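Listed here are the chains, written in short residue letters.
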Amino acid sequence: MSAVAAPSAPVATEGPPERNIRLTGQHVNGWFITRYIAALIGVWIALVTPASVTLALRVGQLDPEGKAGSLALVASVGAAAAIFSNPIFGALSDRSASRFGQRKPFIIAGMVIGCLAVFAIGLAPSIAFVAAGWALAQVAFNAAVAALIAVLPERVPNRVRGRVSGFMGMTIQIGVVGGVFLINLVGTHGAGMFIWPAAIGLALVLPFVLTLREIPKTRVELGRVDWRTLAGAMWINPFKYRDFGLAWTGRFFVWMSLYLLTTYKTYFLIDHLGYTTENVAPILFSAMLVLAACIALSSIPGGWLSDRLGRRKVFVTTASLLFAVGMLTVAFADSIAQFIIGIAIAGLAQGLYMGVDYALVAQVLPDQETEAAKGMGVFNLSSTIPQTVAPILAPMLLMLGANGSAGNYTSLYISAAILALCGAVFIQLIRGVR
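The following refers to the structure shown. (Residues numbered from 1 in each chain as written. Predicted model: local features only at pLDDT ≥ 70, side-chain atom pairs only at ≥ 80, totals over all residues. Heavy atoms only, no water.)

Points about the overall build of the protein chain
Within the protein chain one finds 16 helices and 0 strands. Its C-alpha atoms give the protein chain a radius of gyration of 21 Å, near enough to 22 Å, the size a compact globule of 434 residues would have. Overall, the C-alpha framework of the protein chain stretches about 65 × 50 × 40 Å when taken along its three principal axes. For the protein chain, with 434 residues in total, the buried portion stands at 53%. Counting contacts in the protein chain only where the partners sit at least 6 residues apart, residues at least 24 apart contribute 82% of the total. With the model as given, the accessible surface of the protein chain reaches about 18,300 Å², and the carbon-plus-sulfur share is 68%. Side chains of the protein chain carry 29 positive and 18 negative charges; the gap between the two charge centres is 8 Å. (Helix = DSSP H or I, 4+ residues; strand = E, 2+ residues; numbered from the N terminus. Rg over C-alpha atoms; globule rule 2.2 N^0.38 Å. Buried < 20%, exposed > 50% of the residue type's maximum accessible area, 1.4 Å probe, protein only. Contact = heavy atoms within 4.5 Å. Areas by Shrake-Rupley, 256 points an atom, 1.4 Å probe, with all protein chains shown as cover. Lys, Arg positive; Asp, Glu negative; His and termini not counted. Charge placed at Lys NZ, Arg CZ, Asp CG, Glu CD.)

Structural notes on the nonpolar core
In terms of nonpolar packing, the biggest core is built from 121 residues, with Tyr36, Met168, Phe268, Leu269, Phe339, Leu412 and Tyr413 touching the most fellow members. Looking at this core element by element, the count peaks at 16 residues for helix 11 (residues 242–271). Residues in contact with Tyr36, not counting those within four places in the same chain, are Leu148, Ile149, Val151, Leu152, Val164, Met168 and Phe208. (Core = buried A, V, L, I, M, F, W, Y, C linked by side-chain atoms within 4.5 Å.)

Description of helix 4 (residues 104–123)
One turn of an α-helix holds 3.6 residues; hence residues three or four places apart share an orientation. Helix length check: helix 4, at 20 residues, gives a terminal C-alpha distance of 29 Å against a target of 28 Å (1.5 Å per residue), a fit within 8%. Buried within helix 4 we find Lys104, Phe106, Ile107, Gly110, Met111, Gly114, Cys115, Ala117, Val118, Ile121 and Gly122. (Expected span 1.5 Å × (residues − 1).)

Some words on helix 15 (residues 372–399)
With 28 residues, helix 15 should cover 40 Å at 1.5 Å per step; its first-to-last C-alpha distance of 42 Å lies within 8% of that length. Its axis deflected by about 40 degrees at Val389, helix 15 carries its strongest bend there, up to four residues before the proline Pro391. In the stretch just after helix 15, Gly401 is the one whose phi turns positive, near 70 degrees. (Bend = angle between axes of the 7 residues up to and from the residue.)

Brief notes about the packing of aromatic side chains
In this description, a pair of aromatic rings is defined by centroid distance and the angle of the planes. Summed over the entire model, instances satisfying the criterion amount to 12 aromatic pairs. Ring centres of Phe268 and Tyr413 lie 5.7 Å apart, and the angle between their planes is 80 degrees; this geometry places the pair in the edge-to-face category. Here Tyr413 lies in helix 16 (residues 409–428) and Phe268 lies in helix 11, a separation of 145 residues in the sequence. Grouping residues by exposure puts Phe268 and Tyr413 together as buried. Plain terms: the ring middles of Tyr358 and Phe379 are 6.4 Å apart, the flat faces sit at 65 degrees to each other, and that makes the pair edge-to-face. With a gap of 21 residues between them, Tyr358 in helix 14 (residues 336–364) and Phe379 in helix 15 connect regions that are remote in the sequence. (Phe/Tyr/Trp six-rings, centres within 6.5 Å; stacked < 30°, edge-to-face > 60°.)

So, unusual backbone geometry
In this structure, Asp367 takes a positive phi of about 50 degrees despite not being glycine. By the element assignment, Asp367 lies in the loop between helix 14 and helix 15. Take Asp367: its relative accessible area is 40%, and that puts it in the partly exposed class.

Comments concerning the packing of helix 4 against helix 8 (residues 192–211)
Here helix 4 crosses helix 8 at 170 degrees, and the two axes come no closer than 9 Å. As judged from the angle between their axes, helix 4 and helix 8 are roughly antiparallel. Mapping the contact onto sequence places Lys104, Ile107, Ile108, Met111, Cys115, Val118, Phe119, Ile121 and Gly122 in helix 4 and Phe194, Ile195, Ala198, Gly201, Leu202, Val205 and Val209 in helix 8. Looking at side-chain class alone, the contact of helix 4 with helix 8 contains 13 nonpolar, 2 polar and 1 charged residues. (Axes fitted to C-alpha atoms, helices over the stretch in contact; angles between N-to-C directions. Parallel < 35°, antiparallel > 145°, perpendicular 65-115°, else oblique. Nonpolar A, V, L, I, M, F, W, Y, C, P; charged D, E, K, R; others polar.)

Quick look at the structure:
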């Protein structure tokens, strides 16, 4: 990707990316974007590997009889920490007057503290220590995420945001696959299964953070940091900032649909298609492999085409509609082939959505010149809150038209399709983005 030329427009018309290029002399070229995407992959490897694999293993080692309940407790504590820490540390990063810059201190401190917390989990003597370590890890890593995500609206010009957003859409999946691959290499015994993913994650983050040029801001420029700063970190008025509110709500509905799929896919295979706990694992692996491949297939091309056409809404809306099609395919699946087809459609939809939605929200972000990290942190709540709400809503949806204790998965995934359609409607109502 070619370097972004210095702006020729008057300073008064500069956006945050153009102003940062002029002040720092750091152009957003292919190497900058490569380091940026590598840093995001590093954070996700460090954070998602425990969340998806090793945390459950450690809990099982410490409490083999009550592992299900203990894991639910640990995961809930971590989820609560994640919900609050991302926007709060985003707001604190926006107000940082450190001589090292606004973003670098939070990225470095977040990664180092998060890695140490994950190391401690590997040595924890009890479930209570695991829960405390996981809460600290979530707080620290989400502080790093908040500062990293703010780089998109602050440093990346609008004309290439779709492409960068497309790569960003793949980073979590790469983090998941990379983390599982590492665990297969280092094994599941001892603290190594925690140490290696965190260490490699930190190594991927360092090249970006050490080369990021920032111009420190003064306390006079930024204003005071007080309790109002923290209280306001969780909220952006959706009525005052209508387009941002619509983008947030649209993503909330689509991610609710997504978590209904991913949370209950195992039980769907067992209760609806007749698999057992002994033979369901290979099917789940195949389904997740198809999901990851389809996300990769649509994410980058979607972002690139969005830049070429100068349009965002049509891609996000199409992705929401496509996700609804995927949910309906799963809802009426009576064979594993049909289930995999539904998963593939959902993967294409998720990749297309994630490949463009960061670029879309960057265009409607309130106060992005001064509060980019806070805004992106609040926006990320639209995907973290559904993780908590979906498991609460799902049992009620499973009861609709159910004939037995297994639940009605057709009603569950029809409801998921309706939620995705609602997401498409809200995105279409946005006025400030084409």
